[in-house]
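The lines below spell out each chain.
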Amino acid sequence: MNSARGPRTADMPKPLLSIQDLRTYFYTEAGVARAVDGVSLHIGTGETVGLVGESGCGKSVTAMSVLRLIQPPGRIEAGSRLEFEGRDLMTITDRELRGIRGARIAMVFQEPMTALNPVFTVGDQIAEVVRIHGGTRKEAWDKAVEMLGVVGIPSPADRAGDYPHQLSGGMRQRVVIAMALVMNPALVIADEPTTALDVTIQAQILELLRDLQKKFGTSILLITHDLGVVAETASRVIVMYGGEVVEEALVETLFDQPHHPYTEGLLRAMPRVGETRERLSTIPGTVPPSTAWPAGCRFRDRCPYSWDRCEKEHPALYQIGSGHVSRCHLAEDPERRAHPHPALVERAAEALT
Amino acid sequence: MSSIVSRRGALIAATFIALLALIAMAAPIISPYSPTAQLDIVLQKAQPPSWAHLFGTDIASRDLLSRVIYGGRTSLSVALLAVVLSTTVGIAYGMVAGYAGGVTDMVMMRLLDGLLAIPRVLLLIVALSFWSGGGEPALIIGIGLTGWFGMSRLVRAEVIAAKPREYVSAAVALGASSRRILIRHILPNVIGPATVSATVAVAQVIALEAGLSFLGLGARTAHASWGSIILDGQGAFAEFWWIPLFPGLAVVSTALAFNVLGDGLREVVSGRQLDGRGAPADPPQTAATA
C-alpha cells in the first residue's frame, strides 16, 4: 500500500525483516476470511518489536505467514512481499525455506506442554534442531546441553535426559526457547510465549528473553495481547486490529500518547499500580468477523469518536509523529477527541434493553 | 477387573505363541518322525491316535503329529510374513494419505474404497489359481497385498489425529522435512495401534491361509501347512476324525491366541495414550483461529 508510510526513516539501516502489504486469506465455507489484510511492518537487527492485538486480529497469522506456515485453506495472496536478510521469502524453494526455518528465523510457541513431543527427551529435541540443520549427533547433543545451561536450567547435562513431563511449565518453556535459539537465529518470533505460565514465571521468562537478546543480538517479534509484556520487553509496538496495523510507535510514545482509539481502549483496560478504579474499563463490542470486515473504519462501531467519515472512508495510516503512525481520521480532525460519545454497539445494546 | 483378566489372558496367549514358535523352530529335533515318510502304506494307513502315534496317522501312513509340527512352520511363517508385508504397505499408504491431505488424500481414499469392494477370498482364489505352484511366496504376497486396506485406514486416522499437535507444527517451524516429521513425530503415534491391528490380523491370516490351503491353493507335500494337512484327509473325515481334528485345533487355538494377545495389547496401548500424552482434550489448532 502506498499510503502505508511506515515509521521507517532514512537514518535506519536496511531492516532484517520487511513485510509489505501482506495478505493472508482463508477460503472457508463461510466465505473468505481476510485474516491478515495488507499488513506492512519491518524489524531491524537486534530490535524487539511487540505485535499487539486481541484474539482474531491477525497477529499470529502474520507470524505464521513469515515462516510460510499457512496451511490450506489458508493462502498468502499474490502481491504480498516478505523479505528477510535480502531474500524474498515468497519465491525461495522449499529447501531454502527449510534452511531458514529454525536456523535464521525461529519460533517460540505458546504452549510449552504441547510444543514438546512427549516421547523424546528434552536434550534430544534440542539436538534434533541442530541435526536438521546439518550437525553431527555428537555436536548436536553437546550444543543441546550447552543451550539448556544458557536458558538457565540447572545441571543441564542431567536435565537433558529428562522427558518434558518431568519438568515444570517454566522449565519446559525454557526448553522451547533453547530449541529456538540453538542455531543462533537472526530473528525469533515468540507467539504469546508467557500466556500459559504463572505470573511469577512469566516475569522470569521475559527476563530470560531480554538477557538472551542482549547476549546474542537476536531480533525478537513478540506477539501478545498483553501490553504489560510489551512494556517490559519491546522497544517498538505495532497494534493490529481487524487484520490491519492500526498504530505503530515506540513503546514510550504509545503508552504516553496513544493516538488510535483502539490503543487508547487497550491502555485503559490495563490495570495500573496506584490507580483506584473499582472496575477496569473495557472496549465495548467484539471484533467483527474476518469474513466481513465493515467498509470504512473497521473499529468504528466500537469507537467513542466515530462520525460519518469513518463509515464512508477507510482510514489510511496517518503520520502522527516521528516513527508514529495511526489508522484513524482523528489525525485530520483532532478536536473531535474532546467530545466522546457512546460507541454504536453501546447505543445498540441500550436500545435492546 | 476386566483389565486383569485380559492381561492374564494376553500373558497366557503370548506364552502359547512363544511355545508354538519354539516348536516350529525346533521341528527337526522334536518331531518323532519325518513329516513326509510313509511309514507303512498297508499297516500304518490312517491309524487312530495311539502311544506310537499321538495324533494318529494319515491316509498315506504319515505320522500326523510330525506333520502338524512341521505344518506350524509353514502356517506361522506365511502368516507372519504376510502380515509384515500388509502392515508395511498399510502404514506407508495411510501415512502418505493422512499427512498429504487434500486432493492426494481424497484420491488415495477413493482408490481404497474401490479395493475394499473386491471380495478378498475370491480375488485370492483367482490370483493363486493363475500362480499355481507359487507355493509359500505366492501365499505370502497374495495375502499380504490384499490385507493392508484396513490398516491404512487406521493409520491415516492416527496421522490425522497427530498432525495438528503443536510439536508437529513446531518441527515444521524449525525446518524439519516432511520425511523427518513423518518418521520421527508421526510414526510413534501410529506404531501402537498398528501393532494391535497387526496382531489381530495374524489371527485372521492363519485362518485365511488354512482355508486357501484347504482349497488346494497353498503349499503342498513337504511344506504342507495345517490347511493342506486337512485337505489330505478330504473325503474321509467321518471315518478318520483325527485327520481334520488335530490340524484344525492347531488353527483355531493359534488364531484364538493371537486375538487374545491383540486385545491385551490394545489395552496397554490405549492406557499409555491416556496417561502418557498430557491433557487429551487439547483442541486441534488451526491457523485461522490464531
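Along every chain, residues carry numbers that run from 1 in the direction the sequence is written. All chains are assigned letters beginning with A, and all ligands numbers beginning with 1, in the order in which they are written. Local features are withheld for residues below a pLDDT of 70 in this predicted model, meaning they are given only at 70 or higher, and side-chain atom pairs are given and counted only at 80 or more; totals for whole chains, interfaces and linings count all residues.

Q: Is there a simple way to explain the overall build of chain A in this structure?
A: Note on conventions: DSSP H or I runs of at least 4 residues are helices, E runs of at least 2 residues are strands, and numbering of each starts at the N terminus. Summing up its helical and strand segments, chain A has 13 helices and 13 strands in all. Since a compact globule built from 353 residues should have a radius of gyration of about 20 Å, the 21 Å found for chain A is in line with a globular shape. The dimensions of chain A, computed from C-alpha atoms along their principal axes, are 65 × 50 × 45 Å. Here, residues touch in the contact sense if the C-beta positions derived from the backbone fall within 7 Å of one another. Put simply, 67% of the contacts in chain A that link residues at least 6 apart link residues at least 24 apart. We compute the radius of gyration from the C-alpha atoms alone; for a globule the expected value is 2.2 Å times N to the 0.38, where N is the number of residues.

Q: Help me understand the nonpolar core, please; the structure alone is not making it clear to me.
A: Most often, soluble globular proteins have nonpolar side chains that are buried together. Buried Ala, Val, Leu, Ile, Met, Phe, Trp, Tyr and Cys residues whose C-beta atoms connect them within 7 Å together make up a nonpolar core. Using C-beta atoms placed from the backbone, we call a residue buried if 20 or more other C-beta atoms fall within 10 Å of its own, exposed if 12 or fewer do, and partly exposed for counts in between. With 170 residues, the main nonpolar core has A:Ile126, A:Ala178, A:Val182 and A:Leu221 as its most contacted residues. Here the element with the most residues in this core is helix α9 (residues 178-214) of chain B; it accounts for 16 residues. Each residue touching A:Ala178, except ones within four places of it in the same chain, is listed here: A:Ile126, A:Met147, A:Leu148, A:Val150 and A:Val151.

Q: Is there a simple way to think about the sheet that holds strand β11 (residues 244-250) of chain A in this case?
A: Strand pairing in a sheet relies on backbone hydrogen bonds. The paired strands run either parallel or antiparallel. Residues and elements named next belong to chain A. Here 8 strands make up an open sheet; going across it, the order is β7-β8-β9-β3-β10-β11-β13-β12 and the pairing mixed. Each having just a single partner strand, β7 (105-108) and β12 (318-321) make up the two edges of the open sheet. When the angles between neighbouring strand axes are averaged without regard to direction, this sheet yields 20°. For two strands to be treated as a pair, DSSP must find no fewer than two bridges joining them. Relative to β11, strand β10 (residues 236-241) is paired through 6 bridges, and the arrangement is antiparallel. Paired with Val237 across the strands is Ala249, a residue of β11. Lines fitted to the C-alpha atoms define the axes, with helices restricted to the stretch that makes contact. Angles between their N-to-C directions range from 0 to 180 degrees.

Q: I tried to follow the environment of A:Thr253 on my own but got confused; where do I start?
A: Residue and element names in this part refer to chain A. Mapped onto the secondary structure, Thr253 falls in helix α10 (residues 251-256). Measuring from C-alpha to C-alpha, the distance between Thr253 and Ser322 comes to 9.9 Å, with 69 residues separating the pair along the chain. The contact partners of Thr253, leaving out residues within four places of it in the chain, are Gly321 and His324.

Q: Is there a simple way to think about helix α4 (residues 122-132) of chain A in this case?
A: Residue pairs spaced three or four apart in an α-helix point in one direction, given the helix's 3.6 residues per turn. Here α4(A) lies mainly inside the structure; 9 of its 11 residues are buried. Along α4(A), the residues that are buried comprise A:Val122, A:Gly123, A:Gln125, A:Ile126, A:Ala127, A:Glu128, A:Val129, A:Val130 and A:Ile132. Buried positions along α4(A) lie against α5 (137-150), α6 (156-159) and α7 (169-181) of chain A together with α9 of chain B. One or two residues past the end of α4(A) sits A:Gly134, with phi positive at roughly 100°.

Q: Please clarify how the interface of chain B and chain A should be interpreted in this entry.
A: Accessible area lost on assembly of the parts is the figure often given for the size of an interface. Tallying the contact residues gives 21 residues for chain B and 32 residues for chain A. For the side of chain B that touches chain A, the secondary-structure elements that each account for two or more residues are α8 (166-173) and α9 of chain B. If you tally residues by element for the side of chain B that touches chain A, the top one is α8(B), at 5 residues. Among the residues forming the side of chain B that touches chain A, the class breakdown is 10 nonpolar, 6 polar and 5 charged. Asp, Glu, Lys and Arg are counted as charged, while Ala, Val, Leu, Ile, Met, Phe, Trp, Tyr, Cys and Pro are counted as nonpolar; the rest, among them Gly, fall into the polar class.

Q: Would you explain the confidence of the model for chain B in this entry?
A: Parts of the prediction with low pLDDT should not have their coordinates interpreted in detail. Residues and elements named next belong to chain B. What pLDDT conveys is the predictor's confidence in a given residue, as a value from 0 to 100. In this model, chain B carries a mean pLDDT of 86, and residues with pLDDT of at least 70 account for 90%. Here residues 273-290 scores under 50 on pLDDT; set against residues more than four positions off or in separate chains, the count is 22 contacts. With pTM at 0.78, the complex prediction returns an ipTM value of 0.82.

Q: Whenever I open this one, helix α11 (residues 261-268) of chain A confuses me. Can you help?
A: Taken across its 8 residues, α11(A) has 6 buried, putting it largely inside the fold. All of the buried residues along α11(A) are A:Pro261, A:Tyr262, A:Thr263, A:Glu264, A:Gly265 and A:Leu266.

Q: Would you mind going over the environment of A:Gly152 with me for this structure?
A: All names here are of chain A. Residue position: Gly152 is located in the loop between α5 and α6. Taking the C-alpha atoms as reference, Gly152 lies 9.5 Å from Val175; in sequence the two are 23 residues apart. Not counting residues within four places of it along the chain, the set of residues in contact with Gly152 comprises Arg174 and Leu208.

Q: Help me understand the pairing of β11(A) in this model?
A: Looking along a regular strand, one sees side chains alternate from face to face of the sheet. Residues and elements named next belong to chain A. Counting buried residues in β11 gives 6 out of 7 residues, a clear majority hidden from the surface. Where β11 meets strand β13 (residues 324-326), 2 bridges bridge the pair, whose relative direction is antiparallel. Bridging across to β13, Glu248 finds its partner in Val325.

Q: Explanation requested: the packing of α4(A) against α5(A) in the structure shown.
A: Helix-helix packing is characterised by the crossing angle of the two axes and by the distance between the axes. All names here are of chain A. Contact geometry of α4 with α5 gives a least axis separation of 8 Å together with a crossing angle of 125°. When the axes of α4 and α5 are compared, the pair comes out oblique. Relative to α5, α4 is oriented so that their crossing is right-handed. The residues of α5 that touch α4, namely those facing Gly123, Ile126, Ala127, Val130 and Arg131, are Glu139, Ala140, Trp141, Lys143, Ala144, Val145 and Met147. Class assignment of the residues belonging to the contact of α4 with α5 gives a composition of 8 nonpolar, 1 polar and 3 charged. An angle below 35 degrees is treated as roughly parallel, one above 145 as roughly antiparallel, one from 65 to 115 as roughly perpendicular, and anything else as oblique. Helix crossings fall into two classes, left-handed where the near helix is turned counterclockwise from the far one by less than a right angle and right-handed where it is turned clockwise.

Q: Would you take a moment to explain the pairing of strand β1 (residues 17-28) of chain A for this structure?
A: Residues and elements named next belong to chain A. Taken together, the 10 bridges between β1 and strand β2 (residues 31-43) define a ladder with antiparallel strand orientation. Following the sheet pairing, Tyr25 is matched in β2 by Arg34. Linking β1 to β2, which pair antiparallel, is a turn of 2 residues. Bridge count between β1 and strand β5 (residues 81-84): 4 bridges; the pairing is antiparallel. Counterpart to Ser18 in the pairing with β5 is Glu83.

Q: For this particular structure, what's the right way to read unusual backbone geometry?
A: Residue and element names in this part refer to chain A. The peptide bond linking Pro72 to Pro73 adopts the cis configuration, its omega dihedral lying at 5°. You can see Pro73 is positioned in the loop between α1 (59-66) and β4 (74-76). In the Ramachandran plot, Asp21 falls in the positive-phi region, its phi being about 50° despite a non-glycine side chain.

Q: Would you explain the environment of B:Gln47 in this entry?
A: Residue and element names in this part refer to chain B. Among the structural elements, Gln47 can be located in the loop between α2 (27-30) and α3 (64-100). The spatial distance from the C-alpha of Gln47 to the C-alpha of Trp242 is 9.0 Å, given a sequence separation of 195 residues. Setting aside anything within four residues of it in sequence, one finds Gln47 in contact with His53, Gly56 and Thr57.

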